[in-house]
Amino acid sequence: MAASLLPEVSPKIFTAETLRAAAKQSQGIHLIPVSLRRTIKKFLRERKNGHMNRKVLLLSQSFNKIKYANLQLTASASRDLVENPFRPVVLRSGRWKIQSAYGDIGVKYSEDETVAYVASRMPAIYSACHRVLREVRRRVPEFSPSKVLDFGAGPGSALWAMREVWPRSLERVNLVEPSKSMQRAAQSLLQDLKGLPIIHSYDSIQALNRSLDKHDRRHDLVISSYALGEIPSLSDRITILRQLWDLTQDVLVLLEPGTPHGSKIITQMRSYILWMENRKCRKKLGLSNSISSDVKSIVRQDDMLKDGAFVVAPCPHDGRCPLENTGKYCHFVQRLERTTSQRAYKRSKGEPLRGFEDEKFCFVALRRGSRPQAGWPLDGMEFETLKERLAKRNPEDLIIDFEDQFPTRNDEESSFENALVPYASDTAETNLFHQNDKEDYDEDVHANLGSGWGRIIYPPVRRGRQVQMDVCKSTKRDGSEGAFEHVVVTQRKNPDLHLQARRSHWGDLWPC
C-alpha cells in the first residue's frame, strides 16, 4: 500500500476518445444483482409481512425525526463547530479515547424497522455504495483492499457492493453495527453465499479495538454509509470520524443522503480531516527542520508515506469547498431498477410506483498521503476548430450513397428481432436516463488523481450547438485551492470537447 502513495510524475497524453472514456464516472440505470434480489425475497418470506406498508411509512417518519433532531442540535449546541469546521475542537486528547456521549451510532433498529429497511431502503443504499466504490476502483486501479471496516453496516448493503467491485481481493471484513436485529439480518442475507471473506460483527468501535491487537487495527478501506447523519451531536460525529480515520490505512469513504444536511455533514468531515492532517504535517515539518541534514530526507520521505490526506473523489482539489455560503450543495444521483419488494411496499396514494427510482447521495473518498503531481489531461493536446476541420474535408466524403438510405428486407427482420426485450415493464422509462450513451466506455482508461480533472456537479444544459455545465475545478496545479465555474462549450470553437460535453452527465469528470 505504501508504494501506491508515491506521486505520479510520468505525463500521460490523452486523445479525444480516451478523454471521454476516462471522464465517464456516472452510470446508467443500475440493475440489482439477481443474487441480492432473491436473497431479499427469501428474507422477507421468512418474516412476518403483515402491515408492511405501515412499517415502511413509520420507518420513513423516524428518519424525518432524526433529521429534525439534527437540525435542532446543529443550531444550538454545536453552533461554533458548524460555522467554522477548520477551528480546532476545544477538547482534550483523551476525549477521543473514550466512547462518545451519544454512542457510536444514533439509531438502534427494532425488528420491524429492520424488515422495513431491507424491503424498502437496502437496494437504494447498495446502488449508491456500488456507484461510489466503482469510481474509487477506476480512479485508483492499483487499490485492491483485503481488510475492510464497514461502520454502521446495517444489513450489509456496502458489503454486497464491495463484493461486486472487488470480488477477489477481500479477505477480512469487520462490521460495526449496534443493532442486534440488523446484525441478524446481515447474517441471514449472507448465509447462502459462497466465497465470502472472514466476517466479524461488533457492537461498537471500542469492542473492535478490544478484540484486535494494536498493529492489526488498520484497514485498507473504511466505509461509513448513511450512518454519521444518524448522530445528532456534531462533537460526537467528529469523535467517531477521528476514530475511523485512525483505523484507516489507505482509503476512507463517507456517504450520506443527498440532502442539504447530508452535504453539510460531508463538507464538515472532509474539512476536518484535511485540516487535521495539514496541521500534523506542519508540526512534523517543523520538527524535521531541527534534525541534522543526513537524516532529514529519510524523515520527509517517511512523512510523505504516512501523513497527509487528499480527496480521491468527488472533489478535484483539497481546498475549501467553493459552494459554501452559496445556497447550493454538492450531491449526485444514481438511478436503480426497483425490486419487487420496493414496488409492493412503497406506494403513492394506493397506486403502484414506477419501475425505477433515483437515489440522491453525497460522498467523499479520502486517501492518506499527498496528492500525486500528475500532468493535466489537456497538456500537450491540440484541438481543431470547426472551420479548420471543414477545410480538411475531401470532396469524396460528400458523395451520398442512396442505396444505404433505404433498409433492405433483411435489415427490417433483424431490427424487429433486436426490438424484442425480455421484460415488458418500464423499458422506455429506464432507457431515458442515459439515452445518448451509444458506446461502451473502456474502464481500463482511467483519470489520474492529479488536480486536472474537474467535476460536473449539476446536470448539463444542452441548448442548440452549445452545452453549459457547472464544474468544480482546481485553480492550482498542486490542488490546494478550487473554484466553481460555469463552463460553456460550443461546437464552433472545439468540436471534440463539444462532443464530449454532449455525452457528459451529472457526476462525470471534465478535463481542465
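Predicted model only: the values in this text are computed from it and were never measured.

Peer 1: Pulling in residues and values, what's your account of the overall build of the protein?
Peer 2: Across its full length, the protein holds 17 helices and 13 strands. Here the protein, with 512 residues, has 51% of them falling under the buried criterion. For the protein, the share of sequence-separated contacts (at least 6 apart) that also reach a separation of at least 24 residues comes to 83%.

Peer 1: Mind laying out the packing of aromatic side chains, listing which residues take part and the relevant values?
Peer 2: Per the counting criterion, the structure on display carries 6 aromatic pairs. Ring centres 5.8 Å apart and planes at 85° place the aromatic pair Phe143 and Trp166 in the edge-to-face group. In this pair, Phe143 sits in the loop between helix 6 (122-139) and strand 1 (147-151) while Trp166 sits in the loop between helix 7 (157-165) and strand 2 (172-176), placing the two residues 23 residues apart along the sequence. Given the relative accessible area of 1%, Phe143 is considered buried. Its relative accessible area of 5% is what places Trp166 among the buried residues. Judged by centre distance (6.0 Å) and plane angle (40°), the ring pair of Phe361 and Phe363 falls under tilted.

Peer 1: Talk me through the side chain of Ser188; I want residue IDs and the actual numbers.
Peer 2: Inspection of the secondary structure assignment puts Ser188 in helix 8 (residues 180-190). When neighbours within four sequence positions are excluded, Ser188 is seen to be in contact with Phe43, Glu46 and Arg47.

Peer 1: Describe in detail unusual backbone geometry, supporting the description with residues and values.
Peer 2: Each neighbour pair has its own omega, and for Ala313 with Pro314 the value is 0°, a cis peptide bond. Inspection of the secondary structure assignment puts Pro314 in the loop between strand 6 (309-313) and strand 7 (332-337). Located in the positive-phi region is Asn325, a residue other than glycine, with phi close to 60°. Structurally, Asn325 can be placed in the loop between strand 6 and strand 7. The class of Asn325 is exposed, set by a relative accessible area of 82%.

Peer 1: Go over the pairing of strand 3 (residues 198-202) with me, naming the residues and quoting the values.
Peer 2: For strand 2 and strand 3, the ladder comprises 5 bridges, and the chain directions are parallel. If you follow Arg172 over to strand 3, its bridge partner there is Ile198. For the handedness criterion, the β-α-β arrangement of strand 2, helix 8 and strand 3 is classed as right-handed.

Peer 1: Tell me about the confidence of the model for the protein, residues and numbers included.
Peer 2: Counting all residues, the mean pLDDT for the protein is 79, and 72% of those residues have values of 70 or more. Averaged over each element, pLDDT in the protein is lowest for helix 16 (residues 427-430) (41) and highest for strand 5 (residues 248-257) (96). Counting interchain partners and residues more than four positions distant, the pLDDT-below-50 stretch residues 74-105 has 62 contacts.

Peer 1: Could you give me a rundown of the pattern of salt bridges, with the residues and numbers involved?
Peer 2: Summed over the entire model, instances satisfying the criterion amount to 22 salt bridges. Glu135 is the salt-bridge partner of Arg131, the closest N and O atoms lying 2.7 Å from each other. Of this pair, Arg131 and Glu135 both sit in helix 6, 4 residues apart, which is roughly one turn of that helix. Judged by relative accessible area, Arg131 falls into the buried class, the value being 2%. Note that Asp203 is salt-bridged to Lys180, the shortest N-O span being 3.1 Å. In this pair, Asp203 sits in the loop between strand 3 and helix 9 (205-211) while Lys180 sits in helix 8, placing the two residues 23 residues apart along the sequence.

Peer 1: Let's hear about the nonpolar core: which residues, and what values?
Peer 2: Residues Leu133, Trp160, Met162, Leu221, Val253 and Leu255 are the most contacted members of the largest nonpolar core, which totals 64 residues. At 9 residues, helix 6 tops the list of elements feeding residues into this core. Excluding residues within four positions of it along the chain, Leu133 makes contact with Ala158, Ala161, Met162, Val165, Trp166, Leu221, Ile223 and Val253. By size, the runner-up hydrophobic cluster in this structure holds 35 residues, among which are Phe151, Leu208, Ile240 and Trp275.

Peer 1: Go over the side chain of Arg237 with me, naming the residues and quoting the values.
Peer 2: Turning to its location among the elements, Arg237 is positioned in helix 10 (residues 234-246). Buried within the structure, Arg237 lacks any salt-bridge partner; its nearest side chain of opposite charge belongs to Glu256, at an N-O separation of 7.1 Å.

Peer 1: Which residues make up the state of the cysteines, and what values go with them?
Peer 2: A covalent bond between the sulfur atoms of two cysteines is what we call a disulfide. Considering all chains together, one arrives at 0 disulfides under this definition. Cysteine Cys315 is unpaired, with the sulfur of Cys472 as its nearest cysteine sulfur at 6.0 Å. We note that Cys362 lacks a disulfide partner, and the nearest cysteine sulfur, in Cys330, lies 6.7 Å from it. A relative accessible area of 1% places Cys362 in the buried class.

Peer 1: How would you explain the pairing of strand 4 (residues 219-225) if you had to name every residue and give the values?
Peer 2: Counting buried residues in strand 4 gives 7 out of 7 residues, a clear majority hidden from the surface. The pairing of strand 1 with strand 4 spans 4 bridges and is parallel. Looking at strand 4, one finds that Asp150 is bridged to Ile223. Note: strand 4 against strand 5, 6 bridges, orientation parallel. Across the sheet, the residue bridging to Ser225 is Leu255, located in strand 5. Note that the unit made of strand 4, helix 10 and strand 5 has a crossover that is right-handed.

About the thresholds
- Residues numbered from 1 in each chain as written.
- Predicted model: local features only at pLDDT ≥ 70, side-chain atom pairs only at ≥ 80, totals over all residues.
- Heavy atoms only, no water.
- Helix = DSSP H or I, 4+ residues; strand = E, 2+ residues; numbered from the N terminus.
- Buried < 20%, exposed > 50% of the residue type's maximum accessible area, 1.4 Å probe, protein only.
- Contact = heavy atoms within 4.5 Å.
- Phe/Tyr/Trp six-rings, centres within 6.5 Å; stacked < 30°, edge-to-face > 60°.
- Pairing = 2+ DSSP bridges.
- Right-handed = clockwise from strand over helix to strand, strands pointing away.
- pLDDT = per-residue confidence, 0-100.
- Salt bridge = Lys/Arg side-chain N within 4 Å of Asp/Glu carboxyl O.
- Core = buried A, V, L, I, M, F, W, Y, C linked by side-chain atoms within 4.5 Å.
- Lys, Arg positive; Asp, Glu negative; His and termini not counted.
- Disulfide = S-S within 2.5 Å.

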